[in-house]
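Listed below are the residues making up each chain.
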Amino acid sequence: MPCILGIDSGLTVTKAVIFDADGTVLSTARRRVPQLIPAPQHVERDMDGLWEATADAMREAVAACGRPASDIVAIAATAHGDGIYLLDKETRPLGNAIVSLDTRADAIADAWNSTEIGERSLALTGQKPHASAPSAILRWIRDNEPERYARIAHFIAAKDWLRFCLCGTIGTDRTEASTSFTDVRTQDYTDDALRLFGLDRLVGQQPLIAGSTDVVGGVTAATARLTGLVEGTPVMAGLHDVTASALGMGGYGEGVVAVIAGTYSINETVSRAPKVDARWFCRNGILPGEWNSMSISPASTANYDWFIDQFCAGDAKAAEAAGQSIHTILGKEFEAARGRPSSVFFHPYLFGSPFGGASSAGFYGLNAWHDRGDLVRAVLEGIAFNHRVHVDALRDGFAPSSARLTGGVSRNPAMAGLFADILGMPVTATRTEEAAAWGAALCAGAGAGLFASPTDDPRDLASIETTYQPDPDRQKAYDEKYRIFLDLAEAMRPLWPTLRRLGGAVQ
């Protein structure tokens, strides 16, 4: 029976997941991928290290799936979007990759957005520049590392690097191509975008665009030896992980907003015509004539992970030793805190926000009588409030009537209910295993002829999902708290740049 390999390389973990043709997970293998932070605002990764970790995960998944490697009929990768992966003319990594949590280019993006460049970018490419956009990062390299800039032969995305390592071909897909340099109307490259950002030297070096389901090569002999895959196994172009996650959880389509609560706050909806607004990126959908509008910021559950690392490390180790989970402990504290009034708010802006490059995280309204449960509650509510900032923007433009939620928090009924109360709309949480990897696998399977299209999901979605309705009383209370959350952000806007300067961060 045929099976499919989906690769999902996030910002901290790279995964290889082998699926049966009906969507059943046969095996999963994960490897941590270290983030390198050589300076404030610089977040990087070793490209060879990423490939080695991914190859190791593939080898484990192939060995554990219970099927011969010859049963794997297709492979596709997805990975974190934006950021930049550079190759020289020998197709070797040109320094570390710069990932999408990097904010070294925020001053460049902010400067562009304070002039006509921001508006021209929005009209031309469907999005304003931001700190982790390939346009801003490449401009930062041009201005600060001219020797490196002069050596760029190829600029690609994370999943395209994995594709090159798998099958030896360089290129990208329609969804990834639209992160900075495509015309929002034609959905194809425009040299005017590179020139707009002062990147004239790179005109003509854009990676070739393929459809997400197109075969772009076959597994090389070297990769086959590393992974246990069969040489020549078809590799498809794959897709941006934001789109892959929506597809994999059954949330890719019109009339619904897909909410992915992961490292990034990702909120997206599909349309059949481009609609441009500064509050979202209007990017290419999977198929021609589809646009995926995504309103995002690097401000979701990475804040919760940080809270655990900084304030719960001892309890986490003790819980693990006792066969328990720190998440269970904090969940009980969260529920207890929700049963009492609290003035504590949290801005989840450790890595960025929808409010400009200089923003930072912060607790507000703390008093001596508050305990850790109140802080956990504030962190989780702050994450959901930030998602609402984005969902409200998409509701203005597209009027989706419901939301689909995925990410680690979606497995917790209390959190799914919290999202429903704060968003004020029905929220369907799916028990999809490895949504982004399944989204990549759907593209691989469609390219191999197993499915009619990437959206031809063979699973019975109704059997693996639960819909949460907002509680009217809690929704009303959260509406008031949300207004305070926004007021605090407005009050902090003029102070954030000063705080950034005090921290000695890159300007």
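Residues numbered from 1 in each chain as written. Predicted model: local features only at pLDDT ≥ 70, side-chain atom pairs only at ≥ 80, totals over all residues. Heavy atoms only, no water.

Under an unreviewed UniProt entry, the name given to the protein chain is Carbohydrate kinase, and the source organism is Shinella sedimenti. As its UniProt record puts it under Sequence similarities (unreviewed entry), the protein chain is described as follows: "Belongs to the FGGY kinase family." (UniProt positions renumbered as here; feature names shortened; annotations may be inferred.)

**So, the nonpolar core**
Soluble globular proteins tend to pack their nonpolar side chains together in the buried interior. Counting residues in hydrophobic clusters, the biggest one holds 76 residues, and the most contacted among them are Leu5, Met58, Tyr85, Trp161 and Leu229. Non-local contacts of Leu229, meaning those with residues more than four positions away in its chain, are made with Leu5, Met58, Val62, Ala69, Ile72, Ile75, Leu166, Val219 and Ala224. Counting 55 residues, the second largest nonpolar core, distinct from the first, contains Trp291, Ala384, Met425 and Met492. (Core = buried A, V, L, I, M, F, W, Y, C linked by side-chain atoms within 4.5 Å. Buried < 20%, exposed > 50% of the residue type's maximum accessible area, 1.4 Å probe, protein only. Contact = heavy atoms within 4.5 Å.)

**Looking at the packing of aromatic side chains**
Given two aromatic rings, one states the distance between the centres and the angle between the planes to describe the pair. Tallied over the entire structure, the rule returns 18 aromatic pairs. Residues Phe307 and Phe311 carry aromatic rings whose centres are separated by 5.2 Å and whose planes lie at 50° to one another, so their mutual orientation is tilted. Note that Phe307 and Phe311 are positioned in helix α11 (residues 302–311) at a spacing of four residues, about one turn of the helix. Owing to a relative accessible area of 47%, Phe311 belongs among the partly exposed residues under this scheme. Where Trp438 meets Phe451, the ring centres are 6.2 Å apart and the plane angle is 70°; that geometry is what we call edge-to-face. With Trp438 in helix α16 (residues 435–447) and Phe451 in the loop between α16 and β22 (465–468), this residue pair connects regions lying 13 residues apart in the sequence. Each member of the pair, Trp438 as well as Phe451, is classed as buried. Put simply, the rings of Tyr349, Phe355, Phe385, Tyr478, Tyr482, Phe485 and Trp496 touch in pairs and so form one group of aromatic residues. Between Arg104 and the ring centre of Trp140, over which it is positioned, the NZ or CZ distance is 4.9 Å. In this structure, Lys275 packs its charged tip against the face of Phe398, placed 5.3 Å from the ring centre. (Phe/Tyr/Trp six-rings, centres within 6.5 Å; stacked < 30°, edge-to-face > 60°. Helix = DSSP H or I, 4+ residues; strand = E, 2+ residues; numbered from the N terminus. Lys NZ or Arg CZ within 6 Å of the ring centre and 35° of its normal.)

**What to know about the pattern of salt bridges**
Any two side chains of opposite charge can pair, given that their charged atoms come close. Scanning the entire structure with this criterion turns up 38 salt bridges. The closest approach of N and O atoms between Arg92 and Asp48, which form a salt bridge, is 2.6 Å. Within this pair, whereas Arg92 is found in the loop between β6 (85–87) and β7 (97–98), its partner Asp48 is found in helix α1 (residues 47–64), the two being separated by 44 residues in sequence. Taking relative accessible area as the criterion, Asp48 reaches 26% and is therefore assigned partly exposed. One salt bridge connects Arg372 with Glu333, and the closest N-O pair in it is separated by 2.7 Å. (Salt bridge = Lys/Arg side-chain N within 4 Å of Asp/Glu carboxyl O.)

**Quick look at the layout of surface pockets**
Taken as a whole, the second largest pocket spans an internal volume of roughly 150 Å³. Lining the second largest pocket are Arg338, Arg377, Glu381, Arg474, Ala477, Tyr478 and Lys481. Counting residues per element, the lining of the second largest pocket draws most heavily on helix α17 (residues 472–492), at four residues. Here the lining of the second largest pocket is built from residues that sort into two nonpolar, no polar and five charged. (1 Å grid on protein atoms, 1.4 Å probe; cavity = no way out; pocket = protein on both sides within 12 Å on 5 of 7 lines; lining within 4 Å. Points joined across faces, edges and corners; volume = space filled by probe spheres on them. Nonpolar A, V, L, I, M, F, W, Y, C, P; charged D, E, K, R; others polar.)

**Some details on the environment of Trp161**
Its place among the elements puts Trp161 in helix α6 (residues 158–167). The class for Trp161 is buried, based on a relative accessible area of 1%. Excluding residues that lie within four positions of it along the chain, Trp161 makes contacts with Met47, Asp48, Leu50, Trp51, Tyr85, Leu87, Arg92, Pro93 and Ile156.

**Topic: the state of the cysteines**
A full pass over the atoms with the stated rule returns zero disulfides. Note on Cys65: no disulfide assigned, nearest cysteine sulfur contributed by Cys3 at a separation of 5.4 Å. (Disulfide = S-S within 2.5 Å.)

**Quick word on the environment of Leu138**
Among the structural elements, Leu138 can be located in helix α4 (residues 134–144). Using a relative accessible area of 0% as the deciding quantity, one classes Leu138 as buried. Along the chain, Leu138 and Arg30 lie 108 residues apart, while their C-alpha atoms are 30 Å from each other. Setting aside its immediate chain neighbours within four residues, Leu138 contacts Ile84, Leu86, Tyr149, Ile152, Phe155, Phe181, Leu199 and Leu202.

**Observations concerning the UniProt feature "domain: Carbohydrate kinase FGGY N-terminal" (unreviewed entry) in the protein chain**
In the numbering used here, UniProt assigns the feature "domain: Carbohydrate kinase FGGY N-terminal" (unreviewed entry) to residues 4–248. Annotated as 36% helix and 22% strand, the span residues 4–248 places its first and last C-alpha atoms 14 Å apart.

**Concerning the packing of helix α15 (residues 413–423) against α17**
Two elements in contact, α15 and α17, have axes whose closest approach is 7 Å; the angle formed by their N-to-C orientations is 65°. Relative to α17, the crossing made by α15 is right-handed. Here Leu418, Asp421 and Ile422 of α15 come into contact with α17, specifically with Arg474, Gln475 and Tyr478. Of the residues in the contact of α15 with α17, the class split is three nonpolar, one polar and two charged. (Axes fitted to C-alpha atoms, helices over the stretch in contact; angles between N-to-C directions. Left-handed = near helix turned anticlockwise from the far one by under 90°.)

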